[in-house]
Amino acid sequence: MDFERNITIEAHGGIGGPGGQSGSGGGGVGGIGQGPQFHVSGTSHWNVHSTSETVFSAALKTKQRKPCPLPVSSFTGRQETLQEIHQYFGQAQGTRLVFILHGLGGSGKSQLAFKFVQEAQVKQRFSDVFFIDATSEQTAETDLKLLAPANDNTPEAALSWLGSNHNEWLIVFDNADDIALDIAKFFPPCTFGSILITTRNPQLCIHGVDSRVSNMTLDDASNLLLKLAKRKAIQDNKKELAIAIVKELHCFALAVSQAGGYINARGDLESYLTIYKSSHAELLQRNDIQGQSQYSTAIYTTWDLSYNKLSSKGKLLLQIFSCLHHQGIGTEIFQRASLSGLQMDDRDFQVQVNQVLAQLGGGNQTWDALTFDNIVGELQAYSLIEQNLYDQSFSVHPLVQQWSNHTTEQNMSFIQTCVLAIIAMSSYFNTEDFKYIARLLHHMTRLSQFFQQPLDIQISVRLGYIAEKQGLWSDSEILHRKVLERRKKLLGGEHPDTLTSMNNLAWTYWSQGRWSDAEGLQVAVLEIRKRLLGEEHPDTLTSMNNLASTYASQGRRSDAEGLEVAVLESRKRLQGEEHPDTLTSMHNLALTYGSQGRWSDAEGLQVAVLEIRKRLLGEEHPDTLTSMHTLAGTYSSQGRWSDAEVLQTTVLESSKRLLREEHPNTLISMSNLALTYWSQGRWSHAEALQVAMLESQERLLGEEHPDTLTSMSNLAGIYSSQGRCSDAEGLEVVVLERQKRLLGEEHPNTLTSMHNLALTYGSQGRWSDAEGLQVAVLERQKRVLGEEHPDTLTGMHNLALTYGRQGRWSDAEGLQVAVLEIRKRLLREEHPDILTSMSNLAGIYSSQGRCSDAEGLEVAVLKSRRRLQGEEHPETLTSMSNLALTYWRQGRWSDAEGLQVAVLEIQERLLGEEHPDTLTSMNNLALTYWSQGRWSDAKGLQVAVLEIRKRLLGEEHPDTLISMNNLATTYWSQGQWSDAEGLQVAVLEIRKRLLREEHPDTLTSMSNLAGIYSSQGRWSDAEGLQTGVLESSKRLLGKEHPHTLKSMHNLADIFEHQARYSEAEALRKAAQDIEQHRNAAPRSTQTDKLVVSPAKLALSGTVSEDPTKLKKAKKMEKSIHILLWIYTGKEHRTCLAQLLAVWVMVAMESLGVPLFWYVRTRSVCQPTTRNCQIRTMALSITDVGSILNYLHTSTYLYTLSL
């Protein structure tokens, strides 16, 4: 389609000639214009109508109008801002368009404007561009006169002409920085035309649309540096060095330009960074070497121009701002400091600080906001500071801070000390505003080099308080130690203030896990107070309470209890049973009881405290809410999660209403409720709370605050529970790195994080990584805490679990026995930790096939837990489940079933049918049904568990995959091989994708699928999978790991089915040699000696003598189904050996083929049961490999999860 076009005639002045060469006085005058030119588009006939405008334009061109400068040839980046300007001036014509580029001097505003003009001229966007130097009113008028008609050489005439000129012109007002300049008076008197302004004064933004020109992007800045330095990033591999340099220069345009010029003239990239760090002030004020810029002034000189225009008060405030962190500088710092009543010990210094504040509108508990705002306005007018409109805080460019510190007219050390005093005074105004305290920290730490200086004592105390509130214990320690030294010198070692300082320093030690250092100070304070004040003075009792906390942290719980009982008795007698201090003592003693596992004693005290506080203080008093919180913790420890949830929900709602949603106490309440949700298996609820809390803490406290790191660790735990191990690992690695840097590698919190990361590695099957971390943790705990500290014992237990997962049972047993012996010696006989150790050791015994040893321990643990914690406590139910597992391993399935049914019924009633623990119990009971051949019952439970887990956890959660695996095993037992295969293939594909191909769970799935292929006679498919499993197990776990040995037997079975008997026999012999070498026979050592070896030899000999018999055996596979079922008894090994011999003879003599059987047994039997029973059930004889392997290793080919 063709369109008709209107004929357009344009008449305008010719292009001016080029300017002269640049000299010391500037460039020469532009050449004479070429006169008016006419451009016609179209082909129709036309007449030219020359207007007065055209004649006037020609007349103007004969004058010496100043051209708009070109951008430097090295101009780089700023594409987003350029696009923004083009888009703005590309709007519909006929209205005035004003765009303001504002920012700090040297940020590149003018170059950006020149670049836009250049691009616009290429696009022929404007009919003409007029450049006005707006440095002052005089320069602006001078440039405007060049536009005026010859007969009226005034600025007003030029503006009048522009106002009547309806062409699409653009005026560029450059460097409109003077705050006294009224830029609007130089706007043409019309409602059209385009105006572009560059300025340091953000107040000019009222005239139109604005864009702040700040730092360049990292990539643009490094590219600019390389251009100016004449270095090629690719050839010389200088990009990384350039990035490091521009980072140090904060990507500030003029600073980067100066650096590039310096490097090009007399340096190199490698040395510049070192020179800059040592002599940055000298480099940034040099005028002799510049980059490609029309400015010949250095960056410091550029800012000096603005500094010299400031009032004395403006200069003072800029110097103070330069001592603070460059962001988040709030007016409230100065307001709160002025209004605080903090009294310094050094009165002269306090007078000096108040004089400084008085110049800013405050001091002596007064505040004049208008005065302060006026001073701030001065700095803003020259873009020396910027204001964040979101929170009204101010920021200073880091380079401006360096420049200001260099050019200060006062003693900089005095200014910095005054700033520390102002920070300390402002914290005194409201000590409970945690959000504000967190903001102060950034400013305080910028001046941390002064902590070692002799600051005023009260200032040091307040700064120490800020540091400890934010978990900066090393800074807090420095400040408190300095205070203590000065007080000892000034007041003596036994003055009350000195003792307070000793206590403060002890608290700092305690918070760093340096409990012996804390104990030393606290014992000294206690002895002095006992001697000077008496044993029952309130301060003495406080010291006893503090020392008790340190004893508890050292695991010396009985020592802690002794002190707390004494304190409580004294306070009851002296202050009464309802005094706040008495209630605090009851609260503390309850916590000690809880650490000893004496939950009923703890609950009794906590209930009493809560009732008194409700009555005296009210239900929503902070102390009442604290009591509710601690009581909820006791309920959780007893497994009473519903009761805990009720209390925690109440506390959270009250905290939100009375405090605020982001108050630290509110966040703690959210964390506690999240942990309760986690304990109930409500992981999505737990995650939502934990994420919300973490976001608040990151915003309020910072990403590296101890509480923030704790929340990250808790969230990682929730991710782990959801099977999101990679997400958990990501958080835990971050937490660990930050704690190592902030707290040190031996801080208790750091060691806890290492332990958590090790657990995540274990969940991923990365046992060597887990072991490495756990060994490191244990060594540090032994060195720092001692070999008998509770945390050290926990570290030994964790390492033992990792050894167990690697099949290193003797190593695991050694650690667990040591833990148990120490706990028995230090704690009371039935302490919860002792019962836990007994249970752990029983698990090790069970894994070694020592079921009678395991049973003895588990029966004792269950008996104690029933008496101490009740039949329905979670730990009691765990003990019942563990004992059931031992019964199961002994083949006592009815005993196992009885316990598992009881556990399941209690959990369904208390936790609900969909709680994770309930589902685990259903899974365990299904396994017992499966072992009894009750596959329909097993299948019913497994299907139910699988459906619930899919719905609650998702189809790819580890627990869901375990359920799919278990159900596949049941299908396999029922001969539903296609169904079994479908599930196992799905599990394998998911594990390969989510975990990795060599993750232990993935290898288990491969082995399981190989078993199903074997059942279908798909030997080559089975062999391929099993070979892969064996190779991976050898490489990852080692040749002696039980899983590796199991894979060797599985592969040998597959070889036998393919009549590859020599390969099978070689593989089995290799496995047996390894077992003998590691001096740790498989779980059924005696059974193997009496039963398995003779049977295998007989069968192997029979078949190998006549390979044709195997063909005959395969023909009879579908019709011969025999199960030899041995019910455990004291003499079962002998019976089994005899029966197997009989069956072997029958096979050899009657059938002429090897007979295949299915044997279920365990190495240790009940002495009270002496009978053996034989039952028959359907079983394909193709399962010979599974049977013999099972008998040999006492483990299932198919992994069933308990």
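Please refer to the structure higher up on the page.
Attention in this report is confined to the structure presented alongside it. (Residues numbered from 1 in each chain as written. Predicted model: local features only at pLDDT ≥ 70, side-chain atom pairs only at ≥ 80, totals over all residues. Heavy atoms only, no water.)

A separate point is the overall build of the protein chain. What the protein chain contains, in helices and strands, is 52 helices and 11 strands. Taking the intrachain contacts of the protein chain between residues at least 6 apart in sequence as the baseline, contacts between residues at least 24 apart amount to 67%. About 52,500 Å² of surface is accessible on the protein chain, with carbon and sulfur atoms providing 50% of the total. (Helix = DSSP H or I, 4+ residues; strand = E, 2+ residues; numbered from the N terminus. Contact = heavy atoms within 4.5 Å. Areas by Shrake-Rupley, 256 points an atom, 1.4 Å probe, with all protein chains shown as cover.)

The next point concerns the packing of aromatic side chains. Enumeration over the complete set of coordinates arrives at 15 aromatic pairs. A centroid spacing of 6.0 Å and a plane angle of 40° characterise the contact between Phe173 and Phe187, whose relative ring orientation is tilted. In this pair, Phe173 sits in strand E5 (residues 169-174) while Phe187 sits in the loop between E5 and strand E6 (194-199), placing the two residues 14 residues apart along the sequence. We classify Phe187 as buried; its relative accessible area is 11%. Measuring from ring centre to ring centre gives 6.2 Å for Phe321 and Phe394, while their planes differ by 35°; the resulting arrangement is tilted. Of this pair, Phe321 sits in helix H12 (residues 312-323) while Phe394 sits in strand E11 (residues 394-395), and the two are 73 residues apart along the sequence. Residue Phe321 shares its accessibility class with Phe394, and that shared class is buried. Three or more aromatic residues joined by ring pairs form one cluster here, namely Tyr88, Phe89, Phe99, Phe116 and Phe126. When the ring centre of Tyr465 is taken as reference, the NZ or CZ atom of Arg462 above it lies at 4.5 Å. (Phe/Tyr/Trp six-rings, centres within 6.5 Å; stacked < 30°, edge-to-face > 60°. Buried < 20%, exposed > 50% of the residue type's maximum accessible area, 1.4 Å probe, protein only. Lys NZ or Arg CZ within 6 Å of the ring centre and 35° of its normal.)

Now for the pairing of strand E4 (residues 128-133). Of all six residues that make up E4, six are buried, and the element is covered over most of its length. Burial along E4 is two-sided: the residues Asp128, Phe130 and Ile132 and Val129, Phe131 and Asp133 are all buried. The pairing of E4 with E5 spans six bridges and is parallel. Looking at E5, one finds that Phe131 is bridged to Val172. (Pairing = 2+ DSSP bridges.)

Turning to the nonpolar core, a few remarks are in order. Counting residues in hydrophobic clusters, the biggest one holds 86 residues, and the most contacted among them are Leu225, Leu317, Phe334, Val353, Met444, Leu463 and Ile466. Ile466 has contacts with Ile423, Ser427, Ile437, Leu440, Leu441 and Met444, leaving out every residue within four places of it along the chain. (Core = buried A, V, L, I, M, F, W, Y, C linked by side-chain atoms within 4.5 Å.)

The strand order across the open sheet built from five strands is E4-E5-E6-E3-E7, with neighbouring strands paired in parallel fashion. Unpaired on one side and paired on the other, E4 and strand E7 (209-212) mark the two borders of the sheet. Direction aside, the axes of adjacent strands within the sheet are offset by 15° on average. Where strand E3 (residues 97-102) lies against E7, four bridges are found, and the strand directions are parallel. Counterpart to Phe99 in the pairing with E7 is Val209. (Axes fitted to C-alpha atoms, helices over the stretch in contact; angles between N-to-C directions.)

Contact geometry for helix H23 (residues 538-553) and helix H24 (residues 557-575): axes closest at 8 Å, N-to-C directions at 160°. Taken together, the axes of H23 and H24 are roughly antiparallel relative to one another. Along this stretch, H23 crosses H24, giving a crossing that reads as left-handed. Taken together, the residues of H24 that come into contact with H23 (itself represented by Pro538, Leu541, Thr542, Met544, Asn545, Leu547, Ala548, Tyr551 and Ala552) are Arg557, Asp559, Ala560, Leu563, Glu564, Ala566, Val567, Ser570 and Arg571. Partitioning the contact of H23 with H24 into residue classes produces 11 nonpolar, three polar and four charged. (Parallel < 35°, antiparallel > 145°, perpendicular 65-115°, else oblique. Left-handed = near helix turned anticlockwise from the far one by under 90°. Nonpolar A, V, L, I, M, F, W, Y, C, P; charged D, E, K, R; others polar.)

As a further point, take a negative patch on the surface. Where like charges cluster on the molecular surface, the negative patch consists of Asp345, Asp346, Asp348 and Asp497. Along the chain, the position of Asp345 falls in the loop between helix H13 (331-339) and helix H14 (347-359). Relative accessible area serves as the criterion here: at 46%, Asp345 is assigned to the partly exposed category. (Patch = residues over 30% accessible without salt bridge, like charges linked within 9 Å, V, L, I, M, F, W, Y side chains within 5 Å. Salt bridge = Lys/Arg side-chain N within 4 Å of Asp/Glu carboxyl O. Lys, Arg positive; Asp, Glu negative; His and termini not counted. Charge placed at Lys NZ, Arg CZ, Asp CG, Glu CD.)

A separate point is the pairing of E5. Across the six residues of E5, six count as buried, placing the element largely inside the fold. Across the two faces of E5 the burial is the same, with Trp169, Ile171 and Phe173 and Leu170, Val172 and Asp174 all buried. Note: E5 against E6, four bridges, orientation parallel. Among the inter-strand pairings, Leu170 is bridged to a residue of E6, identified as Ser194.

Let us now look at the side chain of Thr582. Assignment of secondary structure puts Thr582 in helix H25 (residues 580-595). A polar contact of 3.4 Å, which involves the side chain of Thr582, links it to the backbone oxygen of Arg571. Those residues within four positions of Thr582 in sequence are excluded, and the remaining contacts are Leu568, Arg571, Lys572, Gln575, Gly576 and Glu577. (Polar contact = N/O pair within 3.5 Å; in protein donor to acceptor, adjacent residues only side chain to side chain.)

A positive phi is found at Arg78, a non-glycine position, where the angle reads about 65°. Among the structural elements, Arg78 can be located in the loop between helix H1 (52-60) and helix H2 (79-89). Here Arg78 falls in the buried class, since its relative accessible area comes to 13%. Of note, Cys251 is a non-glycine position whose phi angle comes to about 55°, a positive value. For Cys251, the position within the fold is in the loop between helix H8 (239-248) and helix H9 (253-266). Accessibility expressed as a relative area gives 8% for Cys251, which makes it buried.

Attention now moves to the side chain of Thr198. Here Thr198 lies in strand E6. The class of Thr198 is buried, set by a relative accessible area of 0%. In this structure the side chain of Thr198 is engaged in a polar contact, spanning 2.8 Å, whose partner is the backbone nitrogen of Asn175. The residues touching Thr198, leaving out its near neighbours within four places in the chain, are Leu101, Lys109, Ser110, Ala113, Phe173, Asp174, Asn175, Ala176 and Asp177.

Take the environment of Leu249 next. Tracing the chain through its elements places Leu249 in the loop between H8 and H9. Put simply, Leu249 and Pro398 are 149 residues apart on the chain and 8.7 Å apart in space, counted from C-alpha to C-alpha. Each residue touching Leu249, except ones within four places of it in the same chain, is listed here: Ala255, Val256, Ala259, Tyr276 and Leu399.

Following the criterion strictly, the structure yields 49 salt bridges and no others. Between Arg741 and Glu704 there is a salt bridge, with its nearest N and O atoms 1.9 Å apart. Highlighted residues: Arg741 in helix H32 (residues 725-743) and Glu704 in the loop between helix H30 (683-700) and helix H31 (706-721), separated in sequence by 37 residues. Judged by relative accessible area, Arg741 falls into the exposed class, the value being 52%. As a salt-bridge pair, Arg1018 and Asp1021 come within 3.1 Å of each other at their nearest N and O atoms. Connected through salt bridges with shared partners, the residues Glu477, Arg481, Arg514 and Asp517 form a single ionic network.

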